[in-house]
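Chain and residue survey
Below, each chain spelled out in residue letters.
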Amino acid sequence: MLPTVAEVLALPVFAAGKARVLAGSASLGNAVRWVHVVEAQDVTELLDGHELLLATGVGWPDGDGWIPGYIAELAAAHVAGLVLELGTRYDQAPPRLVECCLSQDLPLVVLHRRIKFVTVTEAVHGRIIAEQMGALRARDEVHALFSELSLRGSPADYIVAQLGAVLGSPVVLENMAHQVVAFEPAGRPEEELLALWESRSRSAHRGRPEDSGHGSGKGSGNSGGEDTRTSVLGPESWLVTPVQARGTRWGYLIAFDGAPHPAGRALVLEQAAVALSLSRLADGTADHWVPASQHWLLASLLQGRYRSDVALRARFESMGLPVAQRRLCGLALRPVPGSPQADGTLPVGGVPATAEVTRLARSMGLNAVASWTGPAASETLLMALSVPGPGPGRVAPEAAIDTFAVKLQELANGQSPETGRAALAAGAVVEQVGALAASLQEALEVLGSVPRRSTAGTESVLHRSADRALRGLIGALRSDPRMQGYLERSLGALLHHDATQGSDLLPVLRAYLAHPGNRTKAAAGSHLSRSVFYQRLEVIERLLGVDLSDGEVIAGLQAAVIAWETIQAAQPR
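Presented here is a report on the structure given in the accompanying data block. (Residues numbered from 1 in each chain as written. Predicted model: local features only at pLDDT ≥ 70, side-chain atom pairs only at ≥ 80, totals over all residues. Heavy atoms only, no water.)

Things to note about unusual backbone geometry
Defined as follows: Counting from the N terminus, the helices are DSSP H or I runs at least four residues long and the strands are E runs at least two residues long. When a residue's accessible area, from a 1.4 Å probe over protein chains only, is under 20% of the maximum for its type it is buried; when over 50% it is exposed; and in between it is partly exposed.
For Gln325, which is not glycine, the phi torsion reads 60° and is therefore positive. With respect to the element layout, Gln325 can be found in the loop between α11 (309-318) and β11 (326-334). Backbone geometry places His527, a non-glycine residue, at a positive phi of 65°. For His527, a relative accessible area of 74% gives the class exposed.

Structural notes on the side chain of Ser169
Our working rule: Residues are treated as being in contact if the distance between any of their heavy atoms lies within 4.5 Å.
The topology assignment puts Ser169 in the loop between α6 (156-167) and β6 (171-175). Leave out the neighbours within four places in its chain, and Ser169 touches Gly164, Glu184, Ala186, Phe256, Asp257, Gly258 and Arg265.

Examining the sheet that holds strand β8 (residues 231-233)
The strands making up a sheet are joined through hydrogen bonds of the backbone, oriented either antiparallel or parallel. Heads up, the rule is: Here, a strand pair is defined by DSSP locating no fewer than two bridges between the strands. Geometry is summarised by axes, namely lines fitted to C-alpha atoms with helices restricted to the contacting stretch, and by angles between N-to-C directions that run from 0 to 180 degrees.
Strand order in the open sheet formed by 5 strands is β7-β6-β10-β9-β8, with antiparallel pairing between adjacent strands. Of all the strands in the sheet, the pair left with one neighbour each is β7 (180-184) and β8. Pairs of neighbouring strands in the sheet enclose a mean axial angle of 25°, with direction left out of account. Contacting β6, β7, β9 (238-245) and β10 (248-255), helix α10 (residues 289-302) runs over the sheet at an angle of about 55° to β7.

Focus: the packing of helix α16 (residues 481-501) against helix α19 (residues 530-544)
The axes of two packed helices give the description: the angle between them and the distance between them. For the record, the criterion: With respect to orientation, any angle under 35 degrees is reported as roughly parallel, any angle over 145 as roughly antiparallel, any angle of 65 to 115 as roughly perpendicular, and every other angle as oblique. For any helix crossing, the convention is left-handed if the near helix is rotated counterclockwise from the far helix by under a right angle, and right-handed if that rotation is clockwise. Residue polarity is assigned by list, with Asp, Glu, Lys and Arg as charged and Ala, Val, Leu, Ile, Met, Phe, Trp, Tyr, Cys and Pro as nonpolar; anything else, Gly included, falls into the polar class.
Following both chains from N to C, one finds α16 and α19 inclined at 125°, their axes separated by 9 Å at the closest point. In this view, α16 runs oblique relative to α19, as classed from their interaxial angle. Note on packing geometry: the crossing formed by α16 with α19 is right-handed. Residues Ser490, Leu491, Ala493, Leu494 and His497 of α16 form the contact with α19, whose participating residues are Ile540, Leu543 and Leu544. Looking at the contact of α16 with α19 residue by residue, the classes come out as 6 nonpolar, 2 polar and no charged.

What to know about the packing of α16 against helix α17 (residues 505-514)
In the contact formed by α16 and α17, the axes pass within 8 Å of each other and the chain directions differ by 130°. Here α16 lies oblique to α17, going by the angle between them. When α16 is examined against α17, the residues Leu491, Leu494, Leu495, His497 and Asp498 are found in contact with a partner set consisting of Leu505, Leu506, Pro507 and Leu509. Taken together, the residues that form the contact of α16 with α17 break down as 7 nonpolar, 1 polar and 1 charged.

With respect to the environment of Arg127
Along the chain, the position of Arg127 falls in helix α5 (residues 117-152). Placed 119 residues apart in sequence, Arg127 and Val8 show a C-alpha to C-alpha distance of 8.4 Å. Leaving out residues up to four positions away in the same chain, Arg127 has contacts with Pro3, Glu7 and Leu11.

Let's talk about a nonpolar patch on the surface
Put simply, the rule reads: Only residues whose relative accessible area exceeds 30% and that take part in no salt bridge are eligible for patches, with like-charged residues grouped when within 9 Å of each other and nonpolar side chains (Val, Leu, Ile, Met, Phe, Trp, Tyr) grouped when within 5 Å. What sets the accessible areas is the Shrake-Rupley method with a 1.4 Å probe; for residues, cover comes only from the shown protein chains. Criterion for a salt bridge: a side-chain nitrogen of Lys or Arg within 4 Å of a carboxyl oxygen of Asp or Glu.
A cluster of nonpolar side chains, Trp34, Ile129, Met133 and Leu136, forms an exposed patch at the surface whose accessible area comes to about 350 Å². Of all the elements, α5 adds the most residues to the nonpolar patch, at 3 residues. Inspection of the secondary structure assignment puts Trp34 in strand β2 (residues 34-37).

Focus on the sheet that holds β2
Taken in spatial order, the 5 strands of this open sheet run β1-β5-β4-β3-β2, and their pairing is mixed. Each edge of the open sheet carries a strand with a single partner, namely β1 (19-23) and β2. Each strand axis lies, on average, 25° off the axis of its neighbour in the sheet, ignoring direction. Inspection of the sheet shows β2 paired to strand β3 (residues 51-55) by 4 bridges, in the parallel sense.

Points about helix α18 (residues 519-526)
We count it as follows: The arc in question is formed by the directions pointing from the helix axis toward the C-beta atoms. A 3.5 Å cut-off defines polar contacts: any pair of N or O atoms within that distance qualifies, except that in protein one atom must be a possible hydrogen donor and the other a possible acceptor, and neighbouring residues in sequence count only when both atoms are side-chain atoms.
Listed in full, the buried residues belonging to α18 are Ala522, Ala523 and Ser526. Along the long axis of α18, the arc covered by the buried residues comes to 100°, so they all point the same way. Check the buried side of α18 and you find it contacts α17 and α19. Where α18 begins, the side chain of Asn518 points an oxygen toward the backbone nitrogen of Thr520, at a separation of 3.3 Å. Downstream of α18 by one or two residues, His527 has phi in the positive range, about 65°.

A look at α10
Operational definition: The span expected for a helix works out to 1.5 Å for each residue beyond the first.
For α10, spanning 14 residues, the distance from its first C-alpha to its last is 20 Å, which sits close to the expected 20 Å at 1.5 Å a residue. Trp289, Pro291, Ser293, Gln294, Leu297, Leu298, Ala299, Ser300 and Leu301 are the residues of α10 that are buried. Gly304, located one to two residues past α10, shows a positive phi value of around 70°.

As for the packing of aromatic side chains
Using the following cut-off: The pairing test for Phe, Tyr and Trp rings, Trp by its six-membered ring, is centres within 6.5 Å, and the orientation test on the planes gives stacked under 30 degrees, edge-to-face over 60, and tilted for anything in between.
Within this structure, the stated rule accounts for 9 aromatic pairs. An angle of 50° between the planes, with centres 6.0 Å apart, marks the rings of Trp60 and Tyr90 as tilted. Taken as a pair, Trp60 in the loop between β3 and α3 (67-76) and Tyr90 in the loop between β4 (81-85) and α4 (95-104) lie far apart in primary sequence, 30 residues in all. By the burial criterion, Trp60 is buried, and Tyr90 matches it.

Some remarks on the pattern of salt bridges
All chains considered together, the criterion is met by 15 salt bridges. Its salt-bridge partner being Glu85, residue Arg114 comes within 3.9 Å of it at the nearest N-O pair. Here Glu85 lies in strand β4 and Arg114 lies in the loop between β5 (108-111) and α5, a separation of 29 residues in the sequence. What makes Arg114 exposed here is its relative accessible area of 60%.

A closer look at the pairing of β11
In terms of residue burial, β11 counts as a mostly covered element, since 9 of its 9 residues are buried. Covered by surrounding structure in β11 are Arg326, Leu328, Gly330, Ala332 and Arg334 together with Arg327, Cys329, Leu331 and Leu333, the residues of both alternating faces. In terms of strand pairing, β11 meets strand β13 (residues 380-388) through 8 bridges, oriented antiparallel. Bridging across to β13, Cys329 finds its partner in Leu385. Summarising the sheet, β11 and strand β14 (residues 423-430) pair through 6 bridges and their orientation is antiparallel. By the bridge assignment for β14, Leu328 is matched with Val430.

Note that every value here comes from positions in space, so none of it alone points to a role or purpose.
Rendered as structure tokens:
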């Protein structure tokens, strides 16, 4: 980074010369690339711009008719400033010289005490070289940082966070649809940083030169014909650089205004963009950013990692989930056998990927973000669904959620119907984004109460707490030692018998409890003959020491079986 005229004048050598600015004070921020001692009038052909000129005036012509042309030539050559030492040719600066420098806004400095010009050039050139060496070191450090992040396979949000720390200013990574993928607020309120992001971004990008085709909504992000330079865009003076490689553009990296960086803010931004591009290429999937950003969004909601509901609303809106004037609902899906890939793409076994869920919601006029959660990020698909609020000609939000649930079940079960049905649960429908966390937690609790087994085709597609009140209550208490003790006292002997003898007494008991007043129907549900079924019931009564015709006994065993099912459902598979 080059020093300015003001910074050069602050050096001790100029203080010794009693430097005084007579003109061009508004341009003291001009960068000084070098210092030249010049005495001749015709020097413009020797200049490349940003030089600070030193003169005594001994070689200047008599009179002052030449001064306007001379100063105009210096200004046209983008000279940083002119320093005139008094005492050799002039006792004071010629009035015409001051007047012309004022008109051209060219800094004019006079030295009232004679100093060695070689001392001046040494001091200034030393400062310039030190600045250049510092810039080179800073560039090496920036390059090493982002190269290391690339080699380490760091995720996009971490790269963006590191970029924000290096620049000391807010940074946003957006995709080609102007949705935020990751951001680092760097002390700025999130609600201010992300408010109305899509419209602000589209407005800023309209000023990008040669950026025809941007904002078309094409997912490919082909950068053919688009400007590839780092640019300052929009009324907020965003510093913007594309994230792209091999002819494909994935999005833009945006830095807000901040302090200068020794390596140059544009260079730092471009190094981070390279790291993000290499990360995308290494991953090799079309939706590399989406699962990670949606997982972070839902995790921050559930873990309470947000400052206020206003900031949370801005976060959700900027990442593509509208919440204003909408109804929100948390959903949880436990798939049929088969686990998703770590990045959320369609796995072997047929579980719907997060991108498929998002597309399904959009096709129905809804919006959704989804993330796999669990011990191996493959246990439960957690979804936040945004539904248009009630209005003329609109389907009621609850009905829209039910329809979405049916389609999602078809998507999940259609991949591998022979293995059973996925279990799907919903929390309460809420209006405020802050209440969405409770809805998601409720969906998880309800899902935990659903038995972990292939469900029959007649069972409800969408489980709600109101539909499974007892299961929901027991599911919420499944970690309570008292509930676990009750389960052991009620079913311990039967579970031990099944485990050691290889018997099927628990499935028989579950079939009986499903139809306690109709043993014939219960026997059919267990796929056993009535005689064998009745024999099993006698064994159960003997092991547990109960009478299965007693209504209170039936109620207690039903609660114990539900407790066992909810505990089993909570175990990772």
